[in-house]
Amino acid sequence: MEFLSYVAGVLTPINIAIIAISVVIGIVLGALPGISSAVAVALVLPVTFTMEPATALIFLGSIYMASCYGGSYGAILLNAPGTPQSIATTFDGFPMTRRGEGALAMYLSCLVSVVGGLTGIICFVLLAPPLSKIALMFGPSELFWLGIFGVSIMSTLSGEGGPLKGLISGVLGLALSLVGIAVISSDTRYTLGMPGLVGGIGIVPACIGLLVIPVVIDMMRTKDEYIQMPVSRQRKVRFLEDAMPVLRSNRLNLLRSNIIGLFVGVVPAAGGAIASLLAYSAAMRSSGDPASYGKGNPGGVIASETANNATVASSFVPTFVLAVPGTPADAVILAAMLIHGLQVGPALFTHHADILWTFMLGLSLATALILPIGLFMGRHAYQFIVAVPKSYLAPLIATTALVGSFSYQNSHFDMVIALVLGGFGWLIARCGFSAPPMVLGLLLGPIIERSFTQAFLIGRATNDQIGIFLGRPISIVIIICVLISVFAPHIMSNITKRRGARHVS
Amino acid sequence: MSPDRKFPAEMAIAVFLALLGIYILFSSRSFSALGSLFPRIIGVLLLILSLSLVGSLLNKLRKARAVLSESVHDPASPPKEVMLWRSFASVAIMGLWVGLVPIGGFITTSLLSFLAIAFLVPREAPWTPRSAAGMAVSGLVTVSAIYLLLTKLLLVPLPSGYLF
């Protein structure tokens, strides 16, 4: 009976209208470069002050979920991830668009985002307390190794010029994260005397600079159209006929990416970017054709988008149970809860259970609504990209990119950073260095440094430096994964070469 | 780019990154003990990896030359016309836009750079007065729409200057 009252609480006309509107707003905001999920939720926060607590949470949660999906629009169509969670979506989504399969990528992204989002919500409802215990097992050393794992897999997987150049790109990203005030000691580092660099290099200008500006610069090189669609692919992509078979053949990928998203989501500060990269890596490694990843394999889009939407609800576990926000967007939602007088922690599940479960049901409805709204918007977004000529698309991308880098912190200097990194990214991309590991290094750098320094201090205090980094069970598992991710490509390539040599002889 | 043509650029980047590693290491001496811990690790890693790349590039070049001296030139399909100057010009236009936006304001500079980039994009069909006018109108509508969406609807401020 109680459950029915929660359902009735969600299915009021005002709530349904708010959910539908928030899904549209969330997709649009998520698609805009420079507006991350956290910024999207923060932008609409003031609107919720006059709402009922449950309605306010549904509104914010729906925008968070929809913006996480909306990030895939830029990633697939323009190689410009609207949010950091969609970085891994660019690897295969953008090549799919370039070869005329953007509509299929958009359909898949929409469908798996809904599946990932709903699975995350179901797991939150069923497993919130045990998952929070798992979150508590992640100390500084585990977080440090998790960050290193994120950078290492990205480096070895997306390095078009080979694993060494990929690793260098990742380390270069970590080096960029050193700029500004140090996370623990408050030293001002590598600012070259420029006040604009004291706050560090922002992830949004860097993302825009390294991933979007090179696309604009590259458009100038040849007369080729932006999307090279062969005649055989110039037919309408149908959802049931085309997307569903691809999804069926990626059943295991979908399940695995969901599980990865759920577990990474509960780890505070890990978030959707790491989840989508881990899922992408796992999908590639277990695929029968790993070489097709990064060249437009739909499995890459499925892995990334499933995992990042699965983290949305699972990241509510540390936020609601431990009052530790899993991601920056969760921090904004936590602030909204405090503004509405809601006490987080175990008490939330008893004192405000009605609000919590109404919120979860509302979020489920919003996630389900992403399917029709997202399919409609995604199809039209792709048709727009296909229809417009390159001479309009290039300045449009340049304008939105530079505006996006400005709007991140209302800083003119961020535009300069985006442009400088864009020029640099384009130059080094021509020599085989890839930008995504650099972006990820920059994103994870502060987390890795903070965790590393904390673990180092704990080790010094307990007189067990080696034990703190190398002796904890979860750390050992992650270290093994790091070693596999770094050395497996070399070993595999040597084995292939030897086999080839044997065949020749 | 062919391996031989790519080599100087790749080598230059590898040397630049090695020097960057040395700079990171050298500068970390002025930080506190905790503040210098992570930069030192990154500096050393960057240095080692960059030097490995230098070695790998030299090795690859030696092998490539050996293979090239034995192989016959493949008369494959003619290369596409690549207009690198346009790429550099687009960076210059964006640079000018970023530099002039505090003076000219968002709408003025964005519209000018929008049109400059649009006319710079290589295309098969030549520009006619009609297509150029259409692009000018599209640029004005697009820039105005972005301005209105961000400043009026989302209340996100945009760069302002002496003009508008």
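Please read these numbers as outputs of a predicted model, since none were measured by experiment. (Residues numbered from 1 in each chain as written. Chains lettered and ligands numbered in written order. Predicted model: local features only at pLDDT ≥ 70, side-chain atom pairs only at ≥ 80, totals over all residues. Heavy atoms only, no water.)

(A) Structural view of the overall build of chain B. Helices and strands together make up the secondary structure of chain B, namely five helices and zero strands. Burial statistics for chain B: of 164 residues in total, 37% are counted as buried. For chain B, the accessible surface area stands at approximately 9600 Å², while carbon and sulfur atoms represent 72% of it. (Helix = DSSP H or I, 4+ residues; strand = E, 2+ residues; numbered from the N terminus. Buried < 20%, exposed > 50% of the residue type's maximum accessible area, 1.4 Å probe, protein only. Areas by Shrake-Rupley, 256 points an atom, 1.4 Å probe, with all protein chains shown as cover.)

(B) Summary view of the overall build of chain A. What chain A contains, in helices and strands, is 22 helices and two strands. Taken over the C-alpha trace, chain A has a radius of gyration of 22 Å; the compact-globule value for 505 residues is 23 Å, and the two agree within 12%. Seen through its principal axes, chain A has C-alpha atoms that stretch 75 × 65 × 50 Å. Considering chain A as a whole, with its 505 residues, one finds that 63% of them fall into the buried category. Here the analysis covers contacts within chain A between residues at least 6 apart in sequence; of these, 78% occur between residues at least 24 apart. (Rg over C-alpha atoms; globule rule 2.2 N^0.38 Å. Contact = heavy atoms within 4.5 Å.)

(C) Inspection of the interface of chain A and chain B at higher detail. Across the contact, 60 residues belong to chain A and 65 residues belong to chain B. With both sides pooled, the region where chain A packs onto chain B buries about 5600 Å², and carbon together with sulfur makes up 81% of that total. When residues of chain A are sorted by the area they lose upon contact with chain B, Tyr190(A), Met220(A) and Lys223(A) head the list and together hold 13% of the total. A salt bridge links Lys165(A) to Glu10(B), with the shortest nitrogen-to-oxygen separation between them at 2.2 Å. Viewed at the interface, chain B and chain A are joined by seven residue pairs in polar contact (both at pLDDT 80 or more). Secondary-structure elements contributing two or more residues to the side of chain A that touches chain B are helix H8 (163-176), strand S2 (188-189), helix H9 (203-219), helix H18 (390-407), helix H19 (412-429) and helix H20 (435-462) of chain A. Of all the elements, H18(A) adds the most residues to the side of chain A that touches chain B, at 13 residues. (Buried area = accessible area lost by both parts, 1.4 Å probe. Salt bridge = Lys/Arg side-chain N within 4 Å of Asp/Glu carboxyl O. Polar contact = N/O pair within 3.5 Å; in protein donor to acceptor, adjacent residues only side chain to side chain.)

(D) Here's a closer look at the pattern of salt bridges. Residues and elements named next belong to chain A. In this structure the tally under the stated criterion is five salt bridges over all chains. Salt-bridge contacts for Arg99 lead to Glu101; the nearest nitrogen and oxygen are separated by 3.0 Å. Under the relative-accessibility criterion, Arg99 is labelled partly exposed at 25%. The class for Glu101 is buried, based on a relative accessible area of 16%. For Arg472, the salt bridge goes to Glu142, with nearest N and O atoms at 2.6 Å. Of this pair, Arg472 sits in the loop between helix H21 (465-470) and helix H22 (473-504) while Glu142 sits in helix H7 (residues 140-158), and the two are 330 residues apart along the sequence.

(E) Local environment of the packing of aromatic side chains. Overall, the coordinates contain 21 aromatic pairs over all chains when judged by the stated rule. Where Phe452(A) meets Phe38(B), the ring centres are 6.2 Å apart and the plane angle is 45°; that geometry is what we call tilted. Of this pair, Phe452(A) sits in helix H20 while Phe38(B) is found in helix H2 (residues 33-70), placing the two residues in two different chains. Just as Phe452(A) is buried, Phe38(B) falls in that class too. Seen from the ring of Phe433(A), Lys165(A) lies directly overhead, with NZ or CZ sitting 5.5 Å from the centre. Taking the ring centre of Trp127(B) as reference, the NZ or CZ of Arg123(B) above it sits at 3.9 Å. (Phe/Tyr/Trp six-rings, centres within 6.5 Å; stacked < 30°, edge-to-face > 60°. Lys NZ or Arg CZ within 6 Å of the ring centre and 35° of its normal.)

(F) Quick peek at the packing of helix H5 (residues 87-98) of chain A against helix H13 (residues 298-314) of chain A. All names here are of chain A. At a minimum axis separation of 8 Å, H5 and H13 run at an interaxial angle of 140°. In this structure, H5 crosses over H13, and the sense of that crossing is left-handed. Residues Ala88, Thr89, Asp92, Gly93 and Met96 of H5 pack against Pro298, Gly300, Val301, Ser304, Glu305 and Asn308 of H13. Looking at the contact of H5 with H13 residue by residue, the class counts come to four nonpolar, five polar and two charged. (Axes fitted to C-alpha atoms, helices over the stretch in contact; angles between N-to-C directions. Left-handed = near helix turned anticlockwise from the far one by under 90°. Nonpolar A, V, L, I, M, F, W, Y, C, P; charged D, E, K, R; others polar.)

(G) Structural detail: the environment of Val216(A). Note that Val216(A) resides in helix H9. Considering only alpha carbons, one finds Val216(A) and Ala401(A), 185 residues apart in sequence, at a separation of 9.7 Å. Apart from the residues lying within four places of it in its own chain, the contact partners of Val216(A) are Ala394(A), Ile397(A), Ala398(A) and Met94(B).

(H) Focus on helix H12 (residues 271-286) of chain A. With 16 residues, H12(A) ought to run about 22 Å at 1.5 Å a step, and its terminal C-alpha atoms sit 23 Å apart, in line with that. Where burial is concerned, most of H12(A) is hidden: 14 out of the 16 residues are buried. (Expected span 1.5 Å × (residues − 1).)

(I) Representation of unusual backbone geometry. Residue and element names in this part refer to chain A. The backbone of Leu192 sits at a positive phi, close to 55°, despite the residue not being glycine. The residue Leu192 is located in the loop between S2 and H9 in this model. By relative accessible area, which is 59% here, Leu192 ends up exposed. In this model, Asn463 sits at a positive phi of 55°, which is unusual for a non-glycine residue. When its relative accessible area of 73% is taken as the criterion, Asn463 is described as exposed.

(J) Focus on the state of the cysteines. All names here are of chain A. This model, assessed by the stated rule, comprises zero disulfides over all chains. Of the cysteine sulfurs around Cys68, a residue in no disulfide, the closest is that of Cys110, at 13 Å. When its relative accessible area of 0% is taken as the criterion, Cys68 is described as buried. Of the cysteine sulfurs around Cys123, a residue in no disulfide, the closest is that of Cys68, at 16 Å. (Disulfide = S-S within 2.5 Å.)

(K) A look at H19(A). All names here are of chain A. With 18 residues, H19 should reach 26 Å at 1.5 Å per residue; the first-to-last C-alpha distance of 26 Å fits that figure. All of the buried residues in H19 are Asp414, Met415, Ile417, Ala418, Leu419, Leu421, Gly422, Gly423, Gly425, Trp426 and Ile428. Its side-chain oxygen placed 3.2 Å from the backbone nitrogen of Phe413, Ser411 serves as the N-cap of H19.

(L) Expanded view of the nonpolar core. If you look at the biggest cluster of nonpolar residues, it comprises 204 residues, and the most contacted ones within it are Ile201(A), Phe316(A), Phe320(A) and Met94(B). It is helix H4 (residues 53-78) of chain A that provides the largest number of residues to this core, a total of 16 residues. Look past the residues within four positions of Phe320(A) in its chain and what remains in contact with it is Phe124(A), Met337(A), Val344(A), Gly345(A), Leu348(A), Phe349(A), Leu356(A), Phe359(A) and Met360(A). (Core = buried A, V, L, I, M, F, W, Y, C linked by side-chain atoms within 4.5 Å.)

(M) Just the environment of Leu211(A), in detail. Residue and element names in this part refer to chain A. Summarising the element assignment, Leu211 is placed in helix H9. The spatial distance from the C-alpha of Leu211 to the C-alpha of Ala435 is 6.5 Å, given a sequence separation of 224 residues. Not counting the four nearest positions on each side in its chain, Leu211 is found in contact with Asn79, Pro81, Ala206, Ala435, Pro436 and Val439.

(N) Region of interest: the side chain of Glu10(B). Within the secondary structure layout, Glu10(B) lies in helix H1 (residues 3-27). On the basis of relative accessible area, Glu10(B) is assigned to the buried category, the value being 6%. Look past the residues within four positions of Glu10(B) in its chain and what remains in contact with it is Lys165(A), Cys431(A) and Leu57(B).

(O) Focus on the environment of Thr142(B). Inspection of the secondary structure puts Thr142(B) in helix H5 (residues 129-153). The sequence separation of Thr142(B) and Val44(B) amounts to 98 residues, and the corresponding C-alpha distance is 47 Å. When sequence neighbours within four positions are dropped, the list of residues in contact with Thr142(B) reads Tyr392(A), Leu396(A) and Phe114(B).

(P) Up close: a nonpolar patch on the surface. All names here are of chain A. A cluster of nonpolar side chains, contributed by Ile122, Val125, Leu126 and Leu127, occupies part of the molecular surface with about 360 Å² of accessible area. Residue placement: Val125 occurs in helix H6 (residues 102-136). You can call Val125 partly exposed: its relative accessible area is 38%. (Patch = residues over 30% accessible without salt bridge, like charges linked within 9 Å, V, L, I, M, F, W, Y side chains within 5 Å.)

(Q) A look at the side chain of Ser90(B). Structurally, Ser90(B) can be placed in helix H3 (residues 84-104). The residues contacting Ser90(B), other than those within four sequence positions of it, are Ile217(A), Met220(A) and Leu120(B).

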